[in-house]
Structures are given as C-alpha cells and as structure tokens.
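The residues making up each chain are set out below.
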Amino acid sequence: MVDACIDRHIESGRIDFAQDISNIVPALLSLELTGVSTDRYELVAHNHHLTSHLPADDPRWAGLALDLATERQMVLDAVEARKTDRRKDVISVLLNARDKGAPFEDQHIAALAGLIIGAGIDTTASVLGATFAI
C-alpha cells in the first residue's frame, strides 16, 4: 500500500509523507481489515483526522457530522454485503459470532467495525508519523 501511494506521486518527484502516506495507508488498511469498501478511503481518512484535531467549537463539526453519517452508512452497507459474500474480514467474523447463542445485530457489528476503523487509523497513523519523523 505504501508503494502504491508513492507510485501515485513518483512522476512529480514530490510527496508529502504526512498527507500522501500516513493519512492514507491507515485508512486503507483499516477499511480492508474490517471489510468495508476502500472506494471512499479519503473521506474516512479526512473524518478521523478532523475528529482527532478539531476544537469543540470549530464550525467544521456540522459538515463533519454529515460525513461521519456517510461513513456509518458505508459500514452498514458492508455488513449487509457480507451476509451474502463472506470473506476473511472482521465483519464476516462478527456475522458468524454468537453471544450466548444469539447472532449480533447489524448495528452492533457496524459499531464494532467502526471502532476498529477509528482505532486502526489513529494508531497506525501515529506509528507511521513517528517512523517518517525519524
């Protein structure tokens, strides 16, 4: 994934490691791991970057709330898709899991997947940022 990010900028001879790698790779990895489409990875990366850094009174929260709703719908769509197309991803595992014999509800699966996406972006971006800072 890092190679692909670099390849997107190699012709220009310029790259911003923070913007072009450490903001992108964690979103791609987290979405892949959970089973959510990577088609809108830029939106997801942007959402999680802003939620980590915006002050509570920032006016961008209004637009961010809409983008987060879009992201939640992406996760719910992935849950629905995995019901008929199981893969080796977190959503598929959660669809097979049982709690005291009962399957998890779609909303719970989506919430758990959303937590993994957010945590994956936050921790991976921190590791990548520290690596590139060295």
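Anything mentioned here points back to the structure above.
A. The arrangement of the overall build of the protein chain in detail. A tally of regular secondary structure across the protein chain gives seven helices and two strands. By its C-alpha atoms, the protein chain is 55 × 35 × 25 Å across when sized along the principal axes. Out of the 134 residues in the protein chain, the part that is buried amounts to 34%. Sequence-distant contacts in the protein chain: of pairs separated by 6 or more residues, those separated by 24 or more amount to 55%.

B. Looking closely at helix H3 (residues 25-34). Counting buried positions along H3 gives seven out of 10 residues, so the element sits mostly inside the fold. Val25, Pro26, Ala27, Leu28, Ser30, Leu31 and Thr34 are the residues of H3 that are buried. Two residues or fewer past H3, Gly35 is found with a positive phi of approximately 100 degrees.

C. Just the nonpolar core, in detail. Among the nonpolar cores identified, the biggest contains 25 residues, and Val36, Ile91 and Ile117 are the most heavily contacted of them. In terms of residue count, the dominant contributor to this core is helix H7 (residues 106-133) (five residues). Setting aside its immediate chain neighbours within four residues, Ile91 contacts Thr34, Gly35, Val36, Val75, Ala78, Val79, Arg82, Ile109 and Ala113.

D. Spotlight on the environment of Asp67. For Asp67, the position within the fold is in helix H5 (residues 61-82). Here Asp67 falls in the partly exposed class, since its relative accessible area comes to 26%. Sequence separation between Asp67 and Leu43 is 24 residues; the distance between their C-alpha atoms is 7.3 Å. Setting aside residues up to four positions removed in sequence, Asp67 forms contacts with Leu43 and Asn47.

E. A look at the packing of helix H4 (residues 41-53) against H5. Relative orientation of the contacting elements H4 and H5 amounts to 130 degrees, with a least axis distance of 10 Å. Relative to H5, the element H4 is oriented oblique. For the pair H4 and H5, the sense of crossing is left-handed. Contacts between H4 and H5 pair Leu43, Val44, Asn47, His48, Leu50 and Thr51 from the former with Trp61, Leu64, Asp67, Leu68, Thr70, Glu71 and Met74 from the latter. Taken together, the residues of the contact of H4 with H5 sort by class into seven nonpolar, four polar and two charged.

Calculation notes
- Residues numbered from 1 in each chain as written.
- Predicted model: local features only at pLDDT ≥ 70, side-chain atom pairs only at ≥ 80, totals over all residues.
- Heavy atoms only, no water.
- Helix = DSSP H or I, 4+ residues; strand = E, 2+ residues; numbered from the N terminus.
- Buried < 20%, exposed > 50% of the residue type's maximum accessible area, 1.4 Å probe, protein only.
- Contact = heavy atoms within 4.5 Å.
- Core = buried A, V, L, I, M, F, W, Y, C linked by side-chain atoms within 4.5 Å.
- Axes fitted to C-alpha atoms, helices over the stretch in contact; angles between N-to-C directions.
- Parallel < 35°, antiparallel > 145°, perpendicular 65-115°, else oblique.
- Left-handed = near helix turned anticlockwise from the far one by under 90°.
- Nonpolar A, V, L, I, M, F, W, Y, C, P; charged D, E, K, R; others polar.

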